[in-house]
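Next come the chains, spelled out residue by residue.
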Amino acid sequence: MAHDEQILAASQKHPIKPLDKGQLYKYGTAGFRMNADLLEGVTFRVGLLASLRSRKLGGQAIGVMVTASHNPAVDNGVKVVDPMGEMLEQDWEKFATALVNAPSDDDLVKTYNKLATDLKINLNIPAKVIYGRDTRPSGHTLVTALAAALDATKTEHVDYKLLTTPQLHYLVRATNSEGTPMSYGKVSEAGYYEKLATAFVRAMKGKKIEGQLVVDCANGVGGPKLTEFLKYIPKDKVNFDVKVVNDDVLRPEVLNLDCGADFVKTKQRAPPSPKPRPGVRSCSLDGDADRLMYYWVDPETGFFMLDGDRISSLAASFIGELVEAANLKDSLRIGVVQTAYANGASTNYITQHLRLPVVCTPTGVKHLHHVAQGYDIGVYFEANGHGTVLFSNDALSTFKNTSPQSPAQKDALDTLSAMADLINQTVGDAISDMLMVEVILAHKGWSLRDWAMTYTDLPNRLVRVEVGNKDLFATTDAERRLSSPEGAQEEIDYEVKKYKDARSFARASGTENACRVYAEAATRSEANELAERVARIIERYGGGGL
Ligand code: G16
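Remember, predicted model here, so these are calculated numbers, not experimental data. (Residues numbered from 1 in each chain as written. Predicted model: local features only at pLDDT ≥ 70, side-chain atom pairs only at ≥ 80, totals over all residues.)

(A) Here's a closer look at the overall build of the chain. Helix and strand counts for the chain stand at 18 helices and 19 strands. Compactness check: the chain gives a C-alpha radius of gyration of 23 Å against a globular reference of 24 Å for 546 residues, within 12% of the reference. Principal axes of the C-alpha set define a box for the chain whose edges measure 65 × 60 × 45 Å. A total of 546 residues make up the chain; the buried ones form 53% of that total. Across the chain, the fraction of contacts at a sequence separation of at least 24, relative to all contacts at a separation of at least 6, is 72%. (Helix = DSSP H or I, 4+ residues; strand = E, 2+ residues; numbered from the N terminus. Rg over C-alpha atoms; globule rule 2.2 N^0.38 Å. Buried ≥ 20, exposed ≤ 12 C-beta atoms within 10 Å, placed from the backbone. Contact = placed C-beta atoms within 7 Å.)

See the structure below:
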């Protein structure tokens, strides 16, 4: 049964807008992301893709998240989630791109049917898609377009309305694993909170959290969701004193504005509002609560940030110690995955001090996640605070089935099991990661200052460079080198050689209309200078600044 007429009629109501200068829409680092005005037709077409994907996978539920995460409020985005809560399989990104770029409604129907034929998809079997959105007002229009595509293709759908991105990932996995031995949790938002709260209490057994934690929610969906989650923690079991700030979701224009994880990471300072209280442990989420940054303002030395690299090394060291205490060091392989943005000092600390292998992948959690799955325990974080820790099924059954020979070994096994439930296994999750950090600090009896002492970051700088055409830039070697335009990499190499312990690279962002330049060097002023010089090269090769 084809859906030609229904798709044609519905598509006319949610038309695609052609891009300037014949450019094409692209499934980027995290799906389609751009000014929300361009996205209605895109989201409709992503709905077609999601229904095809569900049918291809025997009717399993596919997720669609409408969010532009760290981007400004005027942007929005749409991305697809696979049945186990992972990002859409990369082979399918080109099918999404083909549907979205079909020039007319007739072409769209042809492309849809061609994909069904080529991929041997039976259009008569049931399909299911579940979806959610962040707090951006444009989300309403976009989910309406999405639902129209799902109706046109006779796809069952569930609208979970406002969610953090990781909650949607959780719900996709919970839906598809329901009633199986691998059930991931109850299929509801409350089920997510219950799972996290129960695991948090187990992981905190016998430990205490020191002082207050101030959480900046970027004025995004994480604010109300964190407030809701906190109600699930039994006060008599864990005393977790959290002050939620920047949780205004009623004024859309303040989303990610001068606050949030991306602001903290790129500006390397605390959000100006509310005025930071010296010495207080603080963290920031981003607009859809999948990234996390810790920091405090020291009364003597000023602002200090603990980013994704720090969270990664903290998690790897703690889990490594637990695995050792559980006597499982020889049976479980632990690995760490980073991107080129990882500070060189963190990579050295992990390889030399923790003695764990590190793999570098291109930007985008979809890449890191995939590599981390190759380990029994795979720790992956991007420097921007996006990441998680994955436990293989083998690791999980080892924690459960090992008979402890001592109380210490039992404690380690219990804590490992609790951590595996606490840490979101589908995608980086700022709320779950925050709980993980709090557990580790409590177990180690550490303040943020103690955590910061583990190693010294190389001074670094990240610059956003607007260019005429970012598509001119292509990379190689896990984005550490430019393969085009010709000559640009040689110029970068020439600049890098002038500085001690320096490293720099440039790449086109997959979520913003800009390039990013990263530089590291022995001193702060050298890192800044190198970043500026490389930024000028990129501007010149990219067709001039805008
Ligand atoms: C998304 C991706 C991240 C990526 C970030 C920036 O984050 O999920 O993996 O690091 O974009 O990507 P790019 O440098 O290509 O713009 P988020 O939090 O915005 O969804």
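(B) Main features of the environment of Tyr131. Summarising the element assignment, Tyr131 is placed in strand 4 (residues 128–133). Setting aside residues no more than four positions away along its own chain, Tyr131 makes contact with Gly63, Val64, Met65, Val66, Val143, Leu146, His157, Asp159 and Tyr160.

(C) Structural detail: the UniProt feature "domain: Alpha-D-phosphohexomutase alpha/beta/alpha" (unreviewed entry) in the chain. The sites that UniProt annotates as "domain: Alpha-D-phosphohexomutase alpha/beta/alpha" (unreviewed entry) are residues 61–95 and 125–179. A distance of 18 Å separates the end C-alpha atoms of residues 61–95, which is 9% helix and 37% strand. Secondary structure across residues 125–179 comprises 49% helix and 24% strand; the distance between its end C-alpha atoms is 21 Å. (UniProt positions renumbered as here; feature names shortened; annotations may be inferred.)

(D) Highlighting the environment of Ser11. On the secondary structure map, Ser11 appears in helix 1 (residues 4–13). Among the residues examined, Ser11 registers 25 C-beta atoms within 10 Å and is labelled buried. Taking the C-alpha atoms as reference, Ser11 lies 7.2 Å from Phe44; in sequence the two are 33 residues apart. Leave out the neighbours within four places in its chain, and Ser11 touches Phe44, Asp105 and Leu108.

(E) View of the domain arrangement of the chain. Split into domains, the chain comes out as domain 1 (4–162), domain 2 (193–306), domain 3 (308–428) and domain 4 (460–541). Between the C-alpha centres of domain 1 and domain 4 there is a distance of 33 Å. (Domains from an automatic or database assignment.)

(F) Examining the sheet that holds strand 6 (residues 213–216) more closely. Here five strands make up an open sheet; going across it, the order is 7-6-8-9-10 and the pairing mixed. Either end of the sheet is taken by a strand with one partner, and the two such strands are strand 7 (242–245) and strand 10 (302–306). Mean inter-strand twist for the sheet, computed between neighbouring axes without regard to direction, equals 25°. Bridge count between strand 6 and strand 7: four bridges; the pairing is parallel. Residue pairing in the sheet places Leu213 in a bridge with Val242 of strand 7. (Pairing = 2+ DSSP bridges. Axes fitted to C-alpha atoms, helices over the stretch in contact; angles between N-to-C directions.)

(G) Focus on the site of the ligand. Neighbouring residues of the ligand: 18 residues in total, closest Thr29, Ser69, Ser509, Gly510 and Thr511. For the shell around the ligand, the class distribution of residues is two nonpolar, ten polar and six charged. (Near = placed C-beta within 6 Å. Nonpolar A, V, L, I, M, F, W, Y, C, P; charged D, E, K, R; others polar.)

(H) Main features of unusual backbone geometry. Here Ser273 and Pro274 are connected by a cis peptide whose omega angle stands at -5°. Note on placement: Pro274 falls in the loop between helix 9 (261–267) and strand 8 (281–285). The linkage connecting Ser484 with the following residue, Pro485, adopts the cis geometry, with an omega of 0°. Along the chain, the position of Pro485 falls in the loop between strand 17 (481–484) and helix 17 (488–496). Positive phi, normally seen in glycine, also occurs at Lys120, with a value near 55°.

(I) Up close: the UniProt feature "binding site: Mg(2+)" (unreviewed entry) in the chain. Here, the residues flagged by UniProt with the feature "binding site: Mg(2+)" (unreviewed entry) are Ser69, Asp286, Asp288 and Asp290. What stands out for the annotated residues spanning 222 residues is how close their C-alpha atoms remain, the widest pair being 8.0 Å apart. Secondary-structure assignment places Ser69 in the loop between strand 2 (61–66) and strand 3 (75–81). When sequence neighbours within four positions are dropped, the list of residues in contact with Ser69 reads Ala30, Thr165, Asp286, Gly287, Asp288 and Asp290. Checked against the element boundaries, Asp288 lands in the loop between strand 8 and strand 9 (292–298). Setting aside chain neighbours within four positions, we find Asp288 in contact with Thr67, Ser69, Asp134, Thr164, Thr165, Gly220 and Val221.

(J) A look at helix 15 (residues 430–444). The terminal C-alpha atoms of helix 15 lie 21 Å apart, and with 15 residues this matches the ideal 21 Å at 1.5 Å per residue to within 8%. Where burial is concerned, most of helix 15 is hidden: twelve out of the 15 residues are buried. Turning to helix 15, its buried residues number three or more, namely Ala430, Ile431, Ser432, Asp433, Met434, Leu435, Met436, Val437, Glu438, Val439, Ile440 and Leu441. The positive-phi residue at the C-terminal boundary of helix 15 is Gly445, with phi of around 65°. (Expected span 1.5 Å × (residues − 1).)

(K) Geometry of helix 4 (residues 105–118). Here helix 4 contains 14 residues, and its C-alpha end-to-end distance of 20 Å stays within 8% of the 20 Å for a straight helix at 1.5 Å per residue. Of all the residues in helix 4, the buried ones are Leu108, Val109, Tyr112 and Leu115. Each buried residue of helix 4 sits inside an arc of 130° when the element is viewed along its axis, so together they form one side. Exposed and oriented more than 90 degrees from the buried face of helix 4 are Asp106, Lys114, Thr117 and Asp118. Packing partners of the buried residues in helix 4 comprise helix 1, helix 2 (39–56) and helix 3 (93–100). The first or second residue beyond helix 4 is Lys120, which carries a positive phi of 55°. (Arc of directions from axis to C-beta.)

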